[in-house]
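# Geometric and topological summary
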Amino acid sequence: SVNYTFIIQDENGSEIDTSFQIIDQDGNILIPKVFTADGDGLNDFFGVVSLYDLRGKITLFKVFNRSAQKVIDLQNQNSEDAIWDGRQNNKPLPSDVYVYMIEIEYTSGKRELLSGDVTLIR
């Protein structure tokens with residue numbers, strides 16, 4: 001990130017200053033380790049959480065069960081649409097540990113492949 005400070009002076013010599021920070025958007029994301037999908041409105045979905053507005057798209061979003069069967073496969077989504085609700089074919093899946101692969105393509109052209117596991121609790 002970069003900090004900038006500006007001093008603005010009018011024709012009478014009065015000054016005000018302001019500052020702002022530009023934050024590099026690449027890599028400022030979190031991937032939850034657990035979600036509940038119990039319908040209470042809290043932590044019901046699994047997906048990328050951006051610390052700032054994610055500048056880019058989710059080019060790949062796959063989740064697999066313990067038998068390596070794909071339970072969700074999304075491509076070229078914005079981060080709000082690239083989520084998993086703990087279902088497969090509209091049927092709730094059991095509490096378990098699932099494996100994910102997520103690829104993000106930032107507007108800078110950089111791609112980041114993330115993988116790991118997430119626990120679904122019902």
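Just so it is clear, the model here is predicted, and its values are computed rather than measured.

### Quick notes on the confidence of the model for the protein
As a note on interpretation, predicted positions should not be read in detail where pLDDT is low. Scored by pLDDT, the protein has a mean of 86; 89% of the residues are at 70 or more. Taking the mean pLDDT of every element in the protein, the minimum, 64, falls on strand β2 (residues 15-22) and the maximum, 97, on strand β8 (residues 70-74).

### Examining the side chain of threonine 59
Structurally, threonine 59 can be placed in strand β7 (residues 56-64). Residue threonine 59 is classed as buried on the basis of its relative accessible area, which comes to 9%. Of note is the side chain of threonine 59, whose polar atom sits 2.6 Å from the side chain of glutamate 103. Leave out the neighbours within four places in its chain, and threonine 59 touches Leu74, Gln75, Asn76, Glu103, Ile104, Glu105 and Arg111.

### Concerning the sheet that holds strand β13 (residues 111-120)
In spatial order, the strands read β4-β13-β12-β7-β8; together these five strands make up an open sheet with mixed pairing. Both edges of this open sheet fall to β4 (34-35) and β8, since each of them pairs with a single strand only. Pairing of β4 with β13 involves two bridges; the strand directions are parallel. Residue pairing in the sheet places valine 34 in a bridge with threonine 119 of β13.

Cut-offs applied
Residues numbered from 1 in each chain as written. Predicted model: local features only at pLDDT ≥ 70, side-chain atom pairs only at ≥ 80, totals over all residues. Heavy atoms only, no water. pLDDT = per-residue confidence, 0-100. Helix = DSSP H or I, 4+ residues; strand = E, 2+ residues; numbered from the N terminus. Buried < 20%, exposed > 50% of the residue type's maximum accessible area, 1.4 Å probe, protein only. Polar contact = N/O pair within 3.5 Å; in protein donor to acceptor, adjacent residues only side chain to side chain. Contact = heavy atoms within 4.5 Å. Pairing = 2+ DSSP bridges.

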